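A closer look at the structure
Here is what each chain is made of, one letter per residue.
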Amino acid sequence: MQLDERKQKILEAIIHNYMESGEPVGSRTVSKYTDLNLSSATIRNEMADLEEMGYILQPHTSAGRIPSDKAYRLYVDTVLGNKEKEVEDMKGVLIEKADKIDLLLQQVAKLLAENTNYTTMVSKPKYAHKKIKFIQLNPISEVQILVIVVLDNNHVNNKFINLAGPIDDNVVSQLNFIINAALNGLDVTEINMAIMQEIKEKAGEYGDLASSILDCIAEAMSDEDTSQIFTSGATNILKYPELSDKEKMAELLTTFEEKQRLEAWVNDEADSEEHGIQVYIGDESPVEAMKNCSVVTATYQIKEGVYGKIGIIGPKRMDYEKVVGTLENCMQQLDDIFKSKT
């Protein structure tokens, strides 16, 4: 006999129901869990076949059925296969989407620089809050595991763990279940020492491996904390005599070129409640190299908790009215573009 689609759906219904209730599952219960519209008699016949095939067991006479180890193995392999496919499909979509967003923001930075004759910067959208969607552990070899972390913003991050020695696939599956049960749906701020200690205790003799996996998850989530910045019009600064001091000019151009200080500033803004137009004049500037400049920023927002920064940097005598108007218009257009894609 073959495990056709109808048998597989009935088996899945038995597994899901037994996982929820812990009680043997009868044909009437199965009929409520499937969309097959089969009679109880037909389901009983199919269950008899599944029992003969070794997928379900009858613990007592006249009792319902429970899944066998063979059924759990099929279920786990199917779930893992589906998750792997979901991750791969998601990666393709995200790469394509990220490429389009990068191109759009680069164009925005360039157009703003041309329109204002100042220097501009635009950061990629950043999630202020991140929750774990699911974690997948995949054995790559006897001594290496791939840890796939998927966040609720559909960001996918891969990390590798090198093992001291071979480990059974069933242990990896067990750790996968323990970690997902504990962390799925949690925000990074909700993952505390008590939760991590509970995971390590449940992992038993594999507590050290569980600890290494948790380190990978933390590292994957921290990778999301950096923001990519696009800049344009850096040489526009040369047009303003009051900014022509060679030493200060070199420091300013280095800031635009290397961007680490700009990224640090944008990341610090994650905790700020100010998401409108902000004007920094001289010493008010959050970036040391810009203390002789004025910086005007705006926040475009995709949805609550997901935002990016647009900034225009110029001399203190910049045309504030024009810059603010340009930023407000740009911010609205980006809001509309991103909201139309979500």
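Residues numbered from 1 in each chain as written. Predicted model: local features only at pLDDT ≥ 70, side-chain atom pairs only at ≥ 80, totals over all residues. Heavy atoms only, no water.

**So, the pattern of salt bridges**
With the rule as written, the count across this model stands at eight salt bridges. For the salt bridge of E5 with K9, the shortest nitrogen-to-oxygen distance reads 3.8 Å. With E5 and K9 both in helix α1 (residues 5–21), this residue pair falls four residues apart, about one helical turn. Judged by its relative accessible area of 58%, E5 falls in the exposed class. Salt bridges sharing partners connect three or more residues here, namely D4, R6, K7, E46 and D49. (Salt bridge = Lys/Arg side-chain N within 4 Å of Asp/Glu carboxyl O. Helix = DSSP H or I, 4+ residues; strand = E, 2+ residues; numbered from the N terminus. Buried < 20%, exposed > 50% of the residue type's maximum accessible area, 1.4 Å probe, protein only.)

**A short note on the sheet that holds strand β7 (residues 156–162)**
The strand order across the open sheet formed by three strands is β5-β6-β7, and the pairing between neighbours is antiparallel. A single partner strand is all that each edge strand has here, and the edge strands are β5 (132–141) and β7. The mean inter-strand angle of the sheet, taken between neighbouring strand axes irrespective of direction, is 20°. Of the pairings in the sheet, the one linking β5 to strand β6 (residues 144–151) comprises eight bridges and is antiparallel in character. By the bridge assignment, I132 is partnered in β6 with L151. Running over the sheet, helix α5 (residues 169–183) touches β5 and β6 and is turned about 165° from β5. (Pairing = 2+ DSSP bridges. Axes fitted to C-alpha atoms, helices over the stretch in contact; angles between N-to-C directions. Contact = heavy atoms within 4.5 Å.)

**Examining the packing of aromatic side chains**
For the structure shown, the criterion picks out one aromatic pair. Judged by centre distance (5.8 Å) and plane angle (35°), the rings of Y118 and Y240 are tilted. With a gap of 122 residues between them, Y118 in the loop between α4 (69–116) and β3 (119–123) and Y240 in the loop between β8 (229–232) and α8 (246–258) connect regions that are remote in the sequence. Just as Y118 is buried, Y240 falls in that class too. Above the ring of Y55, the side-chain terminus of K70 is found at 4.5 Å from the ring centroid. (Phe/Tyr/Trp six-rings, centres within 6.5 Å; stacked < 30°, edge-to-face > 60°. Lys NZ or Arg CZ within 6 Å of the ring centre and 35° of its normal.)

**Side note on helix α3 (residues 40–52)**
Across its 13 residues, α3 extends 18 Å between first and last C-alpha, which sits within 8% of the 18 Å expected from 1.5 Å per residue. Contacts from the buried residues of α3 go to α1, α2 (27–33) and β1 (56–57). Looking one or two places after α3, you find G54, whose phi comes out positive at around 90°. (Expected span 1.5 Å × (residues − 1).)

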